[in-house]
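# Residue-level structure breakdown
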Amino acid sequence: MAKLTLSHGFSRLQGDDRTRMPGEDAVWHLKRGTARAAVGLVDGARIDLARAFTGPVPLWVAGRAQLELGKIADLEDDRSRARAHCDQSRNLCDDARDRRCERAAERFLDHSYTGR
């Protein structure tokens, strides 16, 4: 159901010629990348999360994308890459005043993400 909803949203976005808010495309890619990561579609998640950094991107979007990339790295047993992503996430989320994201990044700096 989530895949269908996001696919529908992306197809509507492609045909939408209205003026978008800055970073709107990045938000869509963050959402889909997060959903893909949650269900184990890692390659697609990485592509979407990388696209979340394209163009004018709100700091909170960049911070949350880094957090998701850190989770993926932890699941792949690459703790040093996971910590690097989480450190970037913490800094970006702090600058954006996204405290929930900042706390999550701090937690995953200290403890590996296990997917639970």
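Calculation criteria
- Residues numbered from 1 in each chain as written.
- Predicted model: local features only at pLDDT ≥ 70, side-chain atom pairs only at ≥ 80, totals over all residues.
- Heavy atoms only, no water.
- Disulfide = S-S within 2.5 Å.
- Buried < 20%, exposed > 50% of the residue type's maximum accessible area, 1.4 Å probe, protein only.

If you walk through the whole model with that rule in mind, you get 1 disulfide. A sulfur-sulfur separation of 2.2 Å characterises the disulfide bridge that pairs Cys-93 with Cys-101. What sets the handedness of the Cys-93 and Cys-101 disulfide is the S-S torsion sign, and at about 45° it is right-handed. A residue is classified by how much of its surface remains accessible, and Cys-93, at 0% relative accessible area, is buried. Exposure remark for Cys-101: the relative accessible area of 1% places this residue in the buried category. For Cys-86, which is in no disulfide, the shortest distance to another cysteine sulfur is to Cys-101 and amounts to 9.1 Å. According to the relative accessible area criterion, Cys-86 is buried, its value standing at 0%.

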